[in-house]
Structure formats: C-alpha cells, structure tokens
Amino acid sequence: MSEEKTKTALLRENLMNEPKTVKDLFAEEIAQADAFCEGYKTFLNASPVEREAVAYTTAAAQAAGFTAYDPAAAYQPGDKVYIVNRDKAIALAVIGKNGVKNGARLAIAHIDSPRIDLKPNPLYESNHLALFKTHYYGGLKKYQWTAIPLTLHGVIVKLDGTRVEVKWGDEADESCFCVTDLLPHLAQEQVTKPMAKAFTGEDLNVLVGSRPYADAEDDKELVKLNVMSILHEKYGITEGDFLSAELCLVPSFKAKDIGFDRSMIGGYGHDDKVCAYPALMAALDAKDVENTCVTYLTDKEEIGSDGNTGMQSDFLRYFIYDLAKQDGVEGYRALSQSTCLSADVNAAFDPTYAAAFEAKNSCYLGNGVVISKYTGHGGKYDTSDASAEYMGAVRALLENNHIQWQIGELGRVDLGGGGTIAKYVANMNVDVIDLGVPVLSMHAPFEIVSKTDVYMAYRAFYEFFMQ
Ligand code: MN
Ligand code: MN
C-alpha cells in the first residue's frame with residue numbers, strides 16, 4: 001500500500017534543504033570506503049613526517065607510470081610527471097588534452113602535521129637523566145603530548161655533507177621516548193592553573209636515557225655521554241651534528257580502526273594526510289583528462305605555510321609556468337584560469353564539546369566530504385572567501401556525481417578559528433575552495449576520521465580532475 005504524500009509534505013520536499021547524513025549511504029559505498037581506507041592506513045603509518053610522505057608518494061607515482069618532470073621534454077596528453085621540492089613537497093601532474101591552456105585543476109593538501117621538534121642543542125643531563133630540549137611544531141595542546149610513547153624521525157647532515165636518516169621507536173621491539181608529567185598526587189597547584197600555564201613549551205622535555213657510560217674514569221655527565229655513544233655507534237654522529245638536523249618526535253602508535261563497527265580510523269597526522277592520500281589516489285587514477293590535473297602535497301602549513309617548501313613559496317607557480325611555456329601560453333594566464341580544491345580537514349561537530357560549534361553550520365563525522373567556503377577568524381579575517389559562482393560549480397559537481405558532502409564552518413563565530421592554504425592559492429588569482437575530511441580531536445596525537453568521509457574525499461578529487 002503506497003502512502004499518499006500530503007500537499008505540505010510535497011512542498012516541504014521541494015523547497016526545504018535536507019542535508020544527507022550517514023543514513024543515506026549505500027552498503028556498496030561503505031564497502032568501497034572500507035577497502036579504500038586500508039591503503040590510507042598504510043600511507044598514514046608510513047608518513048608521519050613530510051619527507052616520508054614525499055618518499056611514499058614518489059614511489060607510488062613511479063609505480064603508476066609517473067616520471068620525474070623534465071622542463072626540456074615535450075609532454076603529450078596522458079603523460080604523467082612528478083616534481084619534488086627539497087624532499088618535502090611534491091607535485092604530480094597528469095597532462096590534459098588542453099594542457100594548461102584553459103588552466104589547471106589543482107588539488108592541494110599538506111603533509112606536515114603538528115609534532116615536537118628538537119632544538120639545535122637538544123641533549124642534556126639532569127639528575128642522571130638524559131633529556132632532549134624541544135620546540136613544538138604547529139598548534140598543540142601540550143598536555144596531550146605527555147606520557148605517550150614517542151618516536152624520533154628525521155635527518156642529520158654531518159660536517160662532511162653526508163645525510164643520515166633517523167627512525168627510532170616504531171618497531172615493537174624498539175625503544176621509544178616520552179615526555180613526563182607530574183603525578184596527580186602532587187599536581188594540586190598545577191591542576192588549578194589555566195591550561196596554557198599548567199604545561200608550557202619549555203616543559204616538553206623528552207626522556208631519552210638514564211644509564212651512565214660504563215668504564216668511565218670520571219663522573220661528568222655520563223648518562224648524556226652514554227646516549228651520545230649509542231647514537232655515534234648507530235648513526236656515526238657527534239653532538240655537534242644536532243646543529244644541522246631536522247629531528248621530530250611523533251607518536252609511536254599506529255593507525256587503528258575505531259568503534260565496534262570499525263567505521264572510523266584513529267591515528268596520528270590525519271590533518272592533513274587524510275586529504276593528501278585521496279588527492280594522491282585521484283591523480284594516480286585520473287585518465288584522459290581535458291585539462292592538466294595537479295595534485296600538490298605541500299609542507300609547513302601547520303606553521304603558516306612560510307618557507308620554500310610551504311604554500312607561500314613560488315614552487316608551484318614556477319611549475320605551472322613551466323607547463324604553460326610548453327603550451328605556448330603565459331604562466332599567469334594559465335594560473336588565472338585554474339581552479340583548485342584546497343584539500344584540508346575541518347573540525348567535526350563533537351557532542352561532548354557542543355558549545356564550541358554552531359550546529360546548523362558544522363560538519364559531522366560520517367556525513368561526507370566537507371566544503372568550507374571560508375575559514376579564518378573574527379569577521380572572516382585571514383581567509384579566502386570563495387565566490388558564490390565557484391561554490392556553485394563545486395556543489396553541482398558533487399551533486400551530479402552523487403558524492404555525499406556537507407558544508408562546515410570551523411566552530412562558532414568569534415571562538416577562535418584557523419586557516420588553510422586556500423588564501424595563498426587565491427592570491428595567485430585562482431578560484432579555490434576548501435574541501436576535505438571532518439576530524440575529531442584535531443591536532444591531538446590521535447585524531448579520528450570516518451572511513452566513508454575519506455572515500456568521499458577521494459571521489460570528489462577524482463571527479464574534479466575528470467570533469
Ligand atoms: Mn590542515
Ligand atoms: Mn592543522
């Protein structure tokens with residue numbers, strides 16, 4: 001027996017916008033998402049720091065037939081190239097039938113994540129404990145980084161120019177490191193302080209040893225000496241080599257499925273590998289594209305996108321200029337006609353912290369890929385506010401391809417805010433909008449995403465390239 005809809009119900013259906021939710025997903029999409037996310041977890045585990053993400057991406061690109069970009073070569077539609085910037089950023093391009101004559105299609109994510117970096121003079125001994133002094137990287141709630149296992153990743157460049165790769169603490173049988181915290185019994189003073197004062201940046205000291213060097217003739221800093229002796233044996237370095245190093249402490253735990261239903265993934269560095277991986281896979285899968293498609297994975301977003309490997313660097317601009325030169329068009333004209341999805345995460349509505357969000361304009365875990373028309377703070381400062389026209393085009397692209405999506409502002413107005421690389425892309429006269437994956441516990445050592453949202457991000461980047 002079919003139920004007749006009332007006139008009011010019909011009118012409501014026609015006029016009111018009812019956003020899709022997790023209930024609207026098909027079983028087939030959920031199965032595809034689960035399969036897609038197995039690859040994502042592998043990428044995430046292999047890429048805690050940007051150099052590792054670049055190495056993984058380079059290998060994946062080569063395996064998919066991409067070759068290192070040569071500005072002197074003549075590329076044909078369908079050719080696939082990659083270009084690496086200082087081992088910390090990478091662009092993948094699939095050459096389109098029109099090249100970049102009508103602009104490029106850009107998907108840009110960042111592959112750096114909040115973490116703890118070593119200071120130039122890190123190693124010291126105090127009360128027979130060896131510790132590292134650190135300077136945190138990106139926006140951290142510092143207490144979250146205490147009393148969890150940490151692993152050391154990075155590079156050291158020795159005086160003779162040789163580069164040593166450091167990776168210590170990932171394997172189950174390997175030792176790791178830790179920032180200590182004060183026991184609750186003695187924390188009555190600490191717990192009454194505002195959070196920003198209860199634990200300061202200078203308190204993020206990392207415990208790295210406690211045994212003195214054996215067979216010593218004196219007793220001067222023997223625990224520190226023992227640590228240096230172990231490092232010298234393993235990496236051939238001396239203490240001075242810390243001065244020319246990039247060493248990062250990141251959580252040593254691996255990505256895990258979350259929930260009895262395994263619908264989510266917990267892991268370190270979802271922001272923004274959870275957008276980088278779908279954008280990478282879209283570039284690997286894109287074929288017979290009209291306009292040249294570029295996935296660009298950039299560095300330094302978490303500290304303002306400054307520096308020659310960040311989005312404010314001219315690296316991507318120069319690459320587009322090189323592509324334009326081959327097509328016989330001016331680089332600035334190619335850029336001016338380009339469109340971009342700034343692939344970054346947004347804060348998912350958290351029912352435990354509902355007061356931080358405005359429910360009607362927040363994104364929700366599981367409701368699909370999130371579009372943020374603007375980010376910024378306090379009256380839309382420091383953001384690129386996408387035009388209605390470009391928002392309209394992206395909305396139509398998602399709707400027409402049945403990609404589950406939602407809009408999302410970053411929390412309540414005037415509560416804080418944040419930015420993405422979108423504004424730096426917009427400054428190159430490119431149409432750009434933020435499109436990415438909702439995240440719970442953003443910037444925590446263990447962030448959470450929904451598997452179906454990750455998959456919808458992939459589908460969005462893929463259809464954006466293929467349009
Ligand atoms: Mn981000
Ligand atoms: Mn971030």
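J.: It is not clear to me how the coordination of the manganese ion (ligand 2) should be interpreted in this structure. Could you clarify?
T.: Octahedral metal centres with six donors ideally show angles of 90 or 180 degrees, and tetrahedral centres with four donors ideally show 109.5 degrees. Only Asp271 (OD), Glu302 (OE), Glu302 (OE) and His443 (NE2) from the protein coordinate the manganese ion (ligand 2), and they sit 2.0 to 2.6 Å from it. Counting gaps between the donor residues of the manganese ion (ligand 2) yields the pattern D-x30-E-x140-H. The distance between the manganese ion (ligand 2) and the manganese ion (ligand 1) is 3.4 Å, with aspartate 271 acting as a donor to both metals. Within this pair, whereas aspartate 271 is found in helix H6 (residues 270-285), its partner histidine 443 is found in the loop between strand E22 (438-439) and strand E23 (447-450), the two being separated by 172 residues in sequence.

J.: Hey, could you run me through the sheet that holds strand E13 (residues 264-267) in this one?
T.: Backbone hydrogen bonds hold the strands of a sheet together, and the pairing may be parallel or antiparallel. Within the open sheet, the three strands sit side by side as E12-E13-E23. Their pairing is antiparallel. Here the strands that pair on one side only, and so sit at the sheet edges, are strand E12 (256-258) and E23. Within this sheet the neighbouring strands show an average axis-to-axis angle of 35°, counted without direction. Across four bridges, the pairing between E13 and E23 is antiparallel. Bridged to glycine 266 within E23 is isoleucine 448. Along the sheet, helix H11 (residues 451-466) makes contact with E12, E13 and E23, crossing E23 at roughly 70°.

J.: Looking at this model, I keep getting lost on the domain arrangement of the protein chain. Mind explaining?
T.: When the parts come together, some accessible area is lost, and that loss is often what is quoted as the size of the interface. The domain architecture assigned to the protein chain consists of domain 1 (17-113 + 268-466) and domain 2 (116-251). Measuring from the centre of the C-alpha atoms in domain 1 to the corresponding centre in domain 2 gives 33 Å. Contact with domain 1, which involves 16 residues of that partner, is made by 15 residues of domain 2. Summed over both partners, the interface of domain 1 with domain 2 comes to about 1,300 Å²; 56% of that surface belongs to carbon and sulfur atoms. Area buried by domain 1 at its contact with domain 2 is led by Arg51, His443 and Pro445, which between them contribute 37% of it.

Rules used throughout
- Residues numbered from 1 in each chain as written.
- Chains lettered and ligands numbered in written order.
- Predicted model: local features only at pLDDT ≥ 70, side-chain atom pairs only at ≥ 80, totals over all residues.
- Heavy atoms only, no water.
- Donors = N, O, S within 2.8 Å, 3.2 Å for Na, K, Ca; no water.
- Helix = DSSP H or I, 4+ residues; strand = E, 2+ residues; numbered from the N terminus.
- Pairing = 2+ DSSP bridges.
- Axes fitted to C-alpha atoms, helices over the stretch in contact; angles between N-to-C directions.
- Contact = heavy atoms within 4.5 Å.
- Domains from an automatic or database assignment.
- Buried area = accessible area lost by both parts, 1.4 Å probe.

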